[in-house]
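Results of the structural survey
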Amino acid sequence: MCAACGIPTHMPEAGTGRPAVIPPEPDLATGSPAGGRAVPRFAALRNRDCRPYLFGAGLAMMADNIEHVITYWVLWQKFHSPALTGFEVISHWVPFLLLSVLFGSWADRYDCRRLIQGAQALFMFVSIAWGVLFLTGSLRVWEACLLLVLHGCAGSLWAPAEQLMLHDFAGRDELPSAVRLNATFRSLGVLFGPVVGSALLLGLGPTAGIFANVAFYLPLTLFLFRTRFTGHTRDQGAARPRVGVLGSLRVLRDVRSDHTMVSMIILAGLGSFFVGASLQSVMPIFAHDLGAGSAGAAYGILLFANGAGGVIGGILLEVTGRIRPTAKAAVISTTIYGVTSLFFATTTSYPLAVLLVVAGGVANLASMSIGQTVVQLRASAADRGRVIGLYGMSANGLRAGSGFTVGLAAAAIGVHWSLGLSSAALCAGTLAAGAYALRARTSG
């Protein structure tokens, strides 16, 4: 048995401790999992070790979004700066672009419990710092920018370690369920974060509200003191060399021969770059243009539909159990995401727009969770964190680019055309990535 990945048919390369053969992807024709064992529905929720993590992660993601609601409102009220508004988006996603692979190498090397706790501590520090600055009335632009960057760094530190913890909790057979349900609970956090954030803002005010928000990070932080899983307990025999900044980037060279993995990373990047975070930012314009009565109510419904789609998608995938983590499934779901975004950009019917946003949310969750699972299953234990970091760099870091493909382009050609063309580019790129993966598999 290979100590690096735990696959009985693999033999490690001499002197490296790494598998000579990449773990097999689930069969594209049958969709059966690699282990061949039937996995029950909601398997990760039945796992007593994984279940509290999922709930804690959902609360922490809700706290992340609560902070956005409160701080973005205060920053606009105090500074009325469009440039600062743009920086809010950039500071959130650029740390993923620059630091994900490095933080992935840390996840390979160190106890993932402590990395996640470090990220949660940084989240809490930032919330407390906001509260102190609100309380004293001394907030300045440079301080706001610093806290926004630290918040983004906390998110990028959390992401790779989280995926290794899910793999450790669930194992290979239950990993698809763990990744899907983790994405679903995160979608719940995104869905309810603005609701709870608005309630705290109106009920307690921004200062007390941001201090209260710290409590939502505590359940996950405290749970990680109790669990025995470290992110590496299933792969204790894997070699974990010390890796620096330059060494962590060698993962780009290591994965390029795996065409399926490369195609999953490309798919994630395409969705993030061409549509990504921009869809939410353009919702107010679409709500106004669709003319559905009160623009405020129409905007709120579209935002809710966007978040609800991710939750519905996760539940449907778990209930049906029919969609397996394969490259084919990832390509199809990403294509559907692109098509629904394209139709949303061109429709003049508000009810149809709501349905398209929900369908797009379902497809996007399916695409991201399937791609994430395929990448994890194919990565060797010794490099799993770095590979996940590379995937996160593409899936999250490139979201900053959607501000250019949709946001800035809208100033020149209009938001409907910019989103429509970006969605069409996403569809074309997805089909090209799918053809690349299929051709490589056929030739191999």
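Residues numbered from 1 in each chain as written. Predicted model: local features only at pLDDT ≥ 70, side-chain atom pairs only at ≥ 80, totals over all residues. Heavy atoms only, no water.

Selection criterion: UniProt positions are given in the numbering used here, feature names are shortened, and annotations may be inferred rather than shown by experiment.
The protein chain carries the name MFS transporter in an unreviewed UniProt entry, which gives Actinoallomurus iriomotensis as its organism. In its Subcellular location (unreviewed entry) section, the UniProt record describing the protein chain reads: "Cell membrane".

1. Digging into helix α15 (residues 350-378)
Note the threshold: Only DSSP runs of H or I covering at least 4 residues are called helices, and only runs of E covering at least 2 are called strands; the numbering of each starts at the N terminus. Here, expected helix span is obtained from the residue count minus one, scaled by 1.5 Å. The cut-offs for exposure are 20% and 50% of the maximum accessible area for each residue type, with area from a 1.4 Å probe on protein chains only; residues under the lower value are buried, those over the upper are exposed, and the others partly exposed. Whenever two N or O atoms come within 3.5 Å, that pair is a polar contact, provided that in protein one can donate a hydrogen and the other can accept it, and provided that, for residues adjacent in sequence, both atoms are side-chain atoms.
Taking 1.5 Å of rise per residue, 29 residues should cover 42 Å, and α15 covers 42 Å from first to last C-alpha, within 8% of that figure. Burial analysis of α15 places 21 of its 29 residues in the buried class, the great majority of the element. Where α15 begins, the side chain of S349 points an oxygen toward the backbone nitrogen of L352, at a separation of 3.4 Å.

2. Topic: the environment of I336
Looking at the secondary structure, you find I336 in helix α14 (residues 327-346). Classification of I336 as partly exposed rests on a relative accessible area of 41%. As for I336 and N364, which are separated by 28 residues in sequence, their C-alpha atoms are 8.3 Å apart.

3. What about a nonpolar patch on the surface?
What counts, and what does not: Only residues whose relative accessible area exceeds 30% and that form no salt bridge are eligible for patches; like-charged ones are grouped when within 9 Å, while nonpolar side chains (Val, Leu, Ile, Met, Phe, Trp, Tyr) are grouped when within 5 Å. Method for areas: the Shrake-Rupley scheme with a 1.4 Å probe, in which residue coverage is limited to the protein chains shown. For this document, the term salt bridge refers to a Lys or Arg side-chain nitrogen within 4 Å of an Asp or Glu carboxyl oxygen.
A cluster of nonpolar side chains, contributed by I128, V132, L135 and F211, occupies part of the molecular surface with about 350 Å² of accessible area. When residues in the nonpolar patch are grouped by element, the largest group, three residues, is from helix α4 (residues 112-136). Along the chain, V132 falls in helix α4.

4. Brief notes about the confidence of the model for the protein chain
Spelled out, the test is: The predictor reports its confidence for every residue as pLDDT, a score running from 0 up to 100. Note on contacts: a residue pair qualifies if any of its non-hydrogen atoms lie within 4.5 Å across the two residues.
Taken residue by residue, the protein chain gives an average pLDDT of 82. The fraction at 70 or more is 82%. Within the model, the stretch residues 1-36 combines pLDDT values under 50 with 79 contacts to residues more than four positions away or in other chains.

5. Brief notes about helix α3 (residues 82-109)
Where we set the bar: The seven residues ending at a residue and the seven starting there each receive a fitted axis; the angle between those axes is the bend at that residue.
Taking 1.5 Å of rise per residue, 28 residues should cover 40 Å, and α3 covers 41 Å from first to last C-alpha, within 8% of that figure. Its axis deflected by about 60 degrees at L99, α3 carries its strongest bend there. Regarding α3, its N-cap is S81, as a side-chain oxygen of that residue lies 3.0 Å from the backbone nitrogen of L84 further along.

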